[in-house]
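For reference, the chains in residue letters:
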Amino acid sequence: MGPMIGIAPLRWLLTVTFGGVAAFHLLRCLRPPAAWLSPVAEHRLSEMLHLVMGLSMIAMIWPWGAAVPAAPGLSFS
């Protein structure tokens with residue numbers, strides 16, 4: 001099976017976009033939460049899951065992403 005997206009410039013644009021989103025959620029996970037966020041653990045878990053989702057979207061774009069097992073992702077659905 002070939003790559004999900006065959007147009008190389010579009011693949012790179014989406015990689016940069018999802019990479020930026022993943023970096024945003026990584027920074028939000030690492031910094032101290034705002035005072036109005038009382039459940040800190042829920043906030044961190046949400047940010048970590050968004051980070052994993054962004055990295056998963058990058059993996060789906062590229063041919064090597066087919067080697068990533070689907071079972072861990074299916075456990076979230």
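Heads up: the structure comes first, above all this text.
Caption draft 1: Up close: the overall build of the protein. Scanning the protein for helices and strands turns up three helices and zero strands. Helices and strands appear in the protein in the N-to-C order α-α-α. Here the protein, with 77 residues, has 21% of them falling under the buried criterion. Put simply, of all contacts in the protein between residues at least 6 apart along the chain, 59% involve residues at least 24 apart. When the accessible surface of the protein is split by element, carbon and sulfur atoms take 77% of a total near 5,600 Å².

Caption draft 2: Local environment of the pattern of salt bridges. By the definition in use, this model includes one salt bridge. One salt bridge connects Glu 47 with Arg 28, and the closest N-O pair in it is separated by 3.0 Å. Of this pair, Glu 47 sits in helix 2 (residues 40-61) while Arg 28 sits in helix 1 (residues 8-30), and the two are 19 residues apart along the sequence. What makes Glu 47 buried here is its relative accessible area of 5%.

Caption draft 3: Summary view of the packing of aromatic side chains. With the rule as written, the count across this model stands at one aromatic pair. Plain terms: the ring middles of Trp 12 and Trp 62 are 4.9 Å apart, the flat faces sit at 70° to each other, and that makes the pair edge-to-face. Linking Trp 12 in helix 1 with Trp 62 in the loop between helix 2 and helix 3 (71-74), this pair joins segments that are 50 residues apart in sequence.

Caption draft 4: Summary view of the side chain of His 25. Secondary-structure assignment places His 25 in helix 1. Note on His 25: relative accessible area 12%, which makes it buried. Here Glu 47 takes part through its side chain, which lies 2.5 Å from a polar atom of the side chain of His 25. If we ignore the near neighbours within four places in the chain, the residues touching His 25 are Glu 47, His 50 and Leu 51.

Caption draft 5: Summary view of a nonpolar patch on the surface. There is a patch of nonpolar side chains on the surface, built from Ile 7, Leu 10 and Leu 13 and spanning about 280 Å² of accessible area. Looking at where Ile 7 falls in the secondary structure, it is placed in the segment before helix 1. Take Ile 7: its relative accessible area is 53%, and that puts it in the exposed class.

Caption draft 6: The arrangement of helix 2 in detail. An ideal rise of 1.5 Å per residue puts 32 Å on 22 residues; helix 2 measures up with 32 Å between its terminal C-alpha atoms. On its buried face, helix 2 sits against helix 1.

Conventions used here
- Residues numbered from 1 in each chain as written.
- Predicted model: local features only at pLDDT ≥ 70, side-chain atom pairs only at ≥ 80, totals over all residues.
- Heavy atoms only, no water.
- Helix = DSSP H or I, 4+ residues; strand = E, 2+ residues; numbered from the N terminus.
- Buried < 20%, exposed > 50% of the residue type's maximum accessible area, 1.4 Å probe, protein only.
- Contact = heavy atoms within 4.5 Å.
- Areas by Shrake-Rupley, 256 points an atom, 1.4 Å probe, with all protein chains shown as cover.
- Salt bridge = Lys/Arg side-chain N within 4 Å of Asp/Glu carboxyl O.
- Phe/Tyr/Trp six-rings, centres within 6.5 Å; stacked < 30°, edge-to-face > 60°.
- Polar contact = N/O pair within 3.5 Å; in protein donor to acceptor, adjacent residues only side chain to side chain.
- Patch = residues over 30% accessible without salt bridge, like charges linked within 9 Å, V, L, I, M, F, W, Y side chains within 5 Å.
- Expected span 1.5 Å × (residues − 1).

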